[in-house]
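Commentary on secondary and tertiary structure
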Amino acid sequence: MTGFLIRRILQAIIVVIGVTIIAFILQNLIATGPALAHTIIGPRATSQQIHEFIATYGLNQPMPVQYWHFLWQLLHGNLGYSFKENQSVDAILGQQLPKDVVLVGSSLVLSLLIAIPLGIAQAVRRNRLVDHVGTGLSFLLYSMPTYWLSLLLIAAFSVSLQWLPAEAPQGTNVGQILADPAGLVLPIASLTLVNYALFSRYMRSSAIENLAQDYIRTARAKGLSERYLLARHLLRNSLIPVTTMVGLSLPGILTAGLVTEYVFNFPGIGLTFFNAAVTSDYPVELGIAVLVGLVTVAGNVLADIGYAVLDPRVRYE
Amino acid sequence: MSDIPATPSAPNQHTADGAVAIGQPLPTAAGTEDGGLDQAMPTGGDTPAGRSAWRLALQSFLDNKLGIAGLVLVIAIVLFCFVGPLVYHTNQISPNAAQINLPPSTRHPLGTDYVGFDVLGRLMAGGQSSIEIGLAVAVVATLFGVLWGAISGYLGGVVDSVLMRIVDIILAIPSIFLFIYLATVFKPTVGLLIVVVSALSWVGPARLVRGEALSLRVREYVQAVRVMGGHSTRIVLRHIVPNTVGTIVVNATFQVADAILILATLSFLGFGLPPPAATWGGMLSEGTNYLYDGYWWAVYPAGIIIALTVIAFNFIGDALRDALEVRLQRR
C-alpha cells in the first residue's frame, strides 16, 4: 500500500507538471511580447509603455526561462499578478474559491443524496415504474445542454412563477453569498440536476451488478430481511464505486460549474475564468487552469486511495 | 489497477442483459430479468450453424426496443436535415429585416428568428453542420484513441507509462476551459472545431482500448502470432484492434452525442461557428435571448432537436453495448 501510494503520488506530480507545461505553452501561443502588451495596455500605447510592460512581466526572456520562472513562483504559491484587476492571482482565487466550495460542494452532495438511493431503488425494482422514471429522468437531463437546463429553470421559477430570483447572490465573500439563500436555490438546483445525470446511470448499473453477487444470494438464503440486506450489504458495497465515480467526474462537474456560473452570474472561479479569457487577462486564466488541473488530479488520487481503503479486496502491489 | 475509468458520459447500463442473447434462444423480457448470473459465460461457444456472432449481435440489437427507437430517430433526423432542404427551400444566407421574430404561420411553420431566417429551414441547415461535426469528431477521436490505447496496452512498460501519463494530463484539463482558451485566439471554423473537440475526446477510447489490450496481449492467439514471427504492427492492427471493436463502436456512438452537446455549449459561450453559418447550438443560444419575450419558437425547436439527437445516439449506444456484450467500465 505504501509503495502504491508513493508511486501514485509521483505519477500525480508528473501529471500536474504536464498540465502546467500545456497551459503555459497554450498561453504563449495566444500572444507574446509586444503583441500581448498591445492587447493589454491598448492600441495607442507608446513604445516606452510597451517596453516597460514587457520588462515588468519578463516577456522578453526565452519561453523555457519564463516557464521556469512561472513554475518556481508556483512552488512558492505565487500564481502571478493580474493584467487587469490590480490584484494578485492568489488574491483573486482566494476570494472566489470559497464561494465555489459552497456552489459546487453543496450540489455535489445533494446529487449524491438523490442518485445513490434512487439508483439502488431502480436496481431493486428493475424494469418497474421507479426504474423507468429514474432512467427517463437521467436520459432527459443528460441530453440537455447545461445552460439550456439552467435557462429552463429560470423561465419556470423566475419568469413564470416569480418564486425565485434569476441571478445568483452577489458578493465578495461566502457570508454575503449565504445571506441571500433564495438566490442560491436555482444555481445549486441546476448543477445538482446536471451532476445527477452524470451519476445516476452509473449508480444503477453498479447496484445491479452488486445484486447479482453471491454475497447477496447468501444473505438472502440466510433469511435476512430485505431492508437489512439493502441497508447493510447492498448500500455499503454500492458506495465503493462512488468514490471513483466522483473523482473521475470532477472535470465534468467543474465544466458544468463554469456554465452555471455564467448563466446565473455567480461570482466564482468559472465566471472569473470566462471573463479573464474575454479580457485577455492571461495570468488569471493560467492560474485557474493550473488550479483546476491540480484539483482534478488530487481528486483522482484521493479516489484511488479511498477505493483501496473502502474495498479490502483491492490490493495494490 | 490503473484502469479504473468511468467515462461519465457512457454509464454502464443493462450490463447483464446482453449476455443472455448469444448462443441461446432469443431472450424475452422475462428471460432477461436475472441475466446477471450468466455474465461469466464466454462469447460464442457453440454458435448454431449459419449464425455468426455478428448475426446474433444484430438480432439482439433488433430486439432492443429503445435501440430501434434511437436508430429510427437518428435516420429521421438525418433525412430531415439532409433531404429536407431539397423539398423545403429557405434562404439561410441573407437576413431579412422585414420578417423578424414572426410567430409560426403557414409560410413559416416554426416562425422566423431574430434576423428573419425561417426557423424550420434553419433547423435543417444547423443539423447538417452539427451532425457532420459530431460524426467527424467521433471518427477522428476514435481512430486516434484506439491506436494510442492499443499500442500503450500492447507494448506495456515504459511506453505504456509515458503514453498513459499524457492521457492523464489531458484528462486533468477540463475541456471547456481549453476550448475557451483556444477559441479566444482562433476564429472557429468547421475544421478547427473538429480538430479541437477530437483532440480532447480521444482520451476516452484510448483508456478503454488500453485496458482491453492489456488483457488481450497475453491471449494464446496473440502469442501464437508472435511465435510465428508476426510483427508488433501486425499484432496491434490485425489482432488487438479487431478484438476491441465492440468497445470502439459503442464508445464512438456515445461520442457523437457528447460532441453535439459540447458544440452546443461552445456556441452558448460565444465560441461556435460565426453567422451566417447555422448550428443548433447557435440557434439555441441566440434564441435564449428571447426566452422571456414569449418567442418560444426561437428556443424550443432547437433545444428539443438537440435533446432528441443526443438521446437517440445514447439509445443506440446502450443497445449496441448490450448486443456486443461490451463492458465500458471495468474496475
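See above for the structure.
Described in the following lines is the structure provided in the data block. (Residues numbered from 1 in each chain as written. Chains lettered and ligands numbered in written order. Predicted model: local features only at pLDDT ≥ 70, side-chain atom pairs only at ≥ 80, totals over all residues. Heavy atoms only, no water.)

1. Structural notes on the overall build of chain B
Put simply, the rule is: Helix numbers and strand numbers start at the N terminus; a helix is a DSSP run of H or I with at least 4 residues, a strand a run of E with at least 2. A simple rule labels every residue: compare its accessible area, found with a 1.4 Å probe on the protein chains alone, to the largest value its type can have, and call it buried under 20%, exposed over 50%, or partly exposed in between. Here a residue-residue contact requires only that any non-hydrogen atoms of the pair lie within 4.5 Å. Per-residue and other accessible areas follow the Shrake-Rupley method at a 1.4 Å probe size, with only the shown protein chains counted as cover for residues.
From N to C terminus, chain B includes 13 helices and zero strands. The order of α-helices and β-strands along chain B, N terminus first, is α-α-α-α-α-α-α-α-α-α-α-α-α. Burial statistics for chain B: of 331 residues in total, 55% are counted as buried. Across chain B, contacts joining residues at least 24 apart in sequence account for 73% of those joining residues at least 6 apart. Entry remark: accessible area of chain B is about 14,200 Å², with carbon and sulfur atoms responsible for 66%.

2. A closer look at the overall build of chain A
Put simply, the rule reads: Only four residue types enter the charge count, namely Lys and Arg as positive and Asp and Glu as negative; His and the chain termini do not. One atom stands in for each charge, and that atom is NZ of Lys, CZ of Arg, CG of Asp or CD of Glu.
The helix and strand inventory of chain A stands at 13 helices and zero strands. Reading the helices (α) and strands (β) of chain A from amino to carboxyl end gives α-α-α-α-α-α-α-α-α-α-α-α-α. Taken over the C-alpha atoms alone, chain A extends approximately 85 × 60 × 30 Å along its principal axes. For chain A, the residues scored as buried account for 53% of the 317 residues in total. The average position of the 18 basic charges and that of the 16 acidic charges among the side chains of chain A differ by 16 Å.

3. Looking at the nonpolar core
Test applied: What we call a nonpolar core is a set of buried Ala, Val, Leu, Ile, Met, Phe, Trp, Tyr and Cys residues that are connected through their side-chain atoms within 4.5 Å.
Grouped together as the largest cluster of nonpolar side chains are 158 residues, with contacts concentrated most on Tyr147(A), Phe199(A) and Trp280(B). Residues within four places of Phe199(A) in sequence aside, it is in contact with Leu108(A), Ser111(A), Leu112(A), Ala115(A), Met245(A), Val246(A), Ser249(A) and Ile253(A).

4. Describing empty space enclosed by the protein
All names here are of chain B. Counted only if it meets this: Note on definitions: the grid is 1 Å and covers protein atoms alone; a cavity is a set of points where a 1.4 Å probe fits but cannot get out; a pocket is an open set with protein on both sides within 12 Å along at least five of seven lines; lining residues have an atom within 4 Å of a point. Grid points are joined across faces, edges and corners, and a volume is the space filled by probe spheres set on the points. Note on residue categories: nonpolar means Ala, Val, Leu, Ile, Met, Phe, Trp, Tyr, Cys or Pro, charged means Asp, Glu, Lys or Arg, and polar means any other residue, Gly included.
In this structure the tally under the stated criterion is seven cavities of 30 Å³ or more. Going through the elements one at a time, helix H4 (119-155), helix H11 (245-268) and helix H12 (280-287) are the ones with two or more residues in the lining of the second largest cavity. Here the element with the most residues in the lining of the second largest cavity is H11; it accounts for four residues. The residue inventory of the lining of the second largest cavity, partitioned by class, reads eight nonpolar, six polar and no charged.

5. Focus on the interface of chain A and chain B
The line we're drawing: Reported buried area values correspond to the accessible surface (1.4 Å probe) lost by two parts on association, with both partners' losses combined. Take a side-chain nitrogen of Lys or Arg and a carboxyl oxygen of Asp or Glu: if they are within 4 Å of each other, that pair is a salt bridge. Here a polar contact is recorded for every N or O atom pair within 3.5 Å, except that within protein the pair must consist of a potential hydrogen donor and a potential acceptor, and residues adjacent in sequence are included only if both atoms are side-chain atoms.
Taken together, the contacts link 59 residues of chain A with 58 residues of chain B. Contact between chain A and chain B buries roughly 5,500 Å² in total, counting both sides, with carbon and sulfur atoms accounting for 71%. Sorting the residues of chain A by area buried against chain B places Tyr142(A), Tyr147(A) and Trp148(A) first, and these three jointly supply 12% of that buried surface. On the surface where chain A and chain B come into contact, there are one salt bridge. Its salt-bridge partner being Arg201(A), residue Asp318(B) comes within 3.2 Å of it at the nearest N-O pair. Here chain A is connected to chain B by four residue pairs in polar contact (both at pLDDT 80 or more). Mapped onto the side of chain A that touches chain B, the elements with two or more residues apiece are helix H1 (2-30), helix H6 (129-143), helix H7 (146-160), helix H9 (181-211), helix H11 (226-264), helix H12 (269-278) and helix H13 (282-310) of chain A. Looking at the side of chain A that touches chain B element by element, the count peaks at eleven residues for H11(A).

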